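# Residue-level structure breakdown
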Amino acid sequence: MPYLTATATDTRHTHAGPGVGVPGYAHPLLASDQWNALARPGAPVHWAVLNVHDGPGICPDPRCLEAVGQLRNAGVRVLGRLDAAYGRRPFDALMSDARRYLDWYRVDGFLLRRCPTHREAIPGVRRTSAGLRDLHAGCHLVLGHGTHPHPGYAALADQLVTFSGPWSDYRWSQVAEWTADHPPERFCHFVHGLPRGHLDEALRITRWHGAATFYFTDRTDRGGTVDPWETMPGYWDEIVSRLGTGVSE
């Protein structure tokens, strides 16, 4: 099967102000209600990441095909999750995973997780970025640094994840000065362990730090033993409500 390059025909939120970027829920077989919620009218979702089995898996998964089709029909971008392993993953392995995502799920782009941050790794990431765009001309590429990288990475992708971590760190975090040279649409923040009562404060910090895409959850990583992004936050409806009426100062 040749790889597919079609993008979502009605991406509804990517450049329409603040919205959610979902790092990747559990498999749709285990979290069907959560995947369904992302496709509901009014859900402020910029994109959602598909991770079948530490990547695209070894064959097309019918449950994932169904979930992806539902999201794309609702105008939500779906990104395949690729693991850069901090620059250690071979280029050919990344391209192989990317092709399978495109062949099987018609993804609209990729989240390159565990992306390196230092200047010396920029040429390798530039090669990967160019390779992904060669595979898919409309590729939406997100570099998952998790912290502020060297500013040279900003030229390589559509968005950079410049924070990924617990609320206890996020509420006191500082933004790198160079990010002021770019619009908020270029940056994403992922925050776990955020209590319901601090949701408005977190939204203000995200706005002050100049990030238009975010993901907040009250789930925790339990000291690094679990993935906090695999389940929907208990206050998902509150996030939808707040963004539906605009984020207040």
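Please refer to the structure higher up on the page.
None of the values given here were measured: they were computed from a predicted structure.

## Description of the sheet that holds strand E4 (residues 109-113)
Reading around the barrel, the 8 strands line up as E1-E2-E3-E4-E5-E6-E7-E8 and close back on themselves, with parallel pairing between neighbours. With direction set aside, neighbouring strand axes in the sheet form an average angle of 25°. Two elements, strand E6 (residues 159-166) and strand E7 (residues 187-192), share 6 bridges in a ladder whose sense is parallel. Each bridged residue has a counterpart across the sheet, and for Pro-166 the counterpart in E7 is His-192. Against the sheet, helix H6 (residues 199-208) touches E7 and strand E8 (213-216), its axis set at about 155° to E8.

## Side note on the pairing of strand E1 (residues 19-22)
Within a regular strand, the side chains alternate between the two sheet faces. When E1 meets E8, the two strands line up parallel, connected through 2 bridges. Its bridge partner lying in E8, Val-20 is registered against Phe-214. Direction of pairing for E1 relative to strand E2 (residues 45-50): parallel, over a ladder of 3 bridges. Within the sheet, the bridge partner assigned to Gly-21 lies in E2 and is Trp-47. In this region the chain leaves E1, passes through helix H1 (residues 32-38) and returns to the parallel neighbour E2; the handedness of that crossover is right-handed.

## A closer look at unusual backbone geometry
A positive phi angle, close to 55°, is found at Tyr-86, a residue other than glycine. Relative to the assigned elements, Tyr-86 resides in the loop between strand E3 (77-83) and helix H3 (91-105). Phi at Arg-222 takes a positive value of approximately 50°, unusual for a residue other than glycine. Here Arg-222 is to be found in the loop between E8 and helix H7 (236-244). Given a relative accessible area of 63%, Arg-222 falls into the exposed group.

## Here we look at the pattern of salt bridges
Where side chains of opposite charge bring their charged atoms close, a pairing between them can arise. For the structure on display, the rule yields 12 salt bridges. In this structure, Arg-114 engages Asp-83 in a salt bridge whose closest nitrogen and oxygen atoms are separated by 2.7 Å. Of the two residues, Arg-114 is situated in the loop between E4 and helix H4 (122-135) and Asp-83 in strand E3; the sequence distance between them amounts to 31 residues. In this structure, Arg-219 and Asp-218 form a salt bridge, with 3.7 Å as the shortest nitrogen-oxygen distance. Among the residues examined, Arg-219 registers a relative accessible area of 33% and is labelled partly exposed. For Asp-218, a relative accessible area of 26% translates into the label partly exposed. Three or more residues joined by partner-sharing salt bridges are found here, namely Arg-196, Asp-200, Glu-238 and Arg-242.

Calculation criteria
- Residues numbered from 1 in each chain as written.
- Predicted model: local features only at pLDDT ≥ 70, side-chain atom pairs only at ≥ 80, totals over all residues.
- Heavy atoms only, no water.
- Pairing = 2+ DSSP bridges.
- Helix = DSSP H or I, 4+ residues; strand = E, 2+ residues; numbered from the N terminus.
- Axes fitted to C-alpha atoms, helices over the stretch in contact; angles between N-to-C directions.
- Contact = heavy atoms within 4.5 Å.
- Right-handed = clockwise from strand over helix to strand, strands pointing away.
- Buried < 20%, exposed > 50% of the residue type's maximum accessible area, 1.4 Å probe, protein only.
- Salt bridge = Lys/Arg side-chain N within 4 Å of Asp/Glu carboxyl O.

Keep in mind that these numbers describe shape and distance, not what the molecule does.
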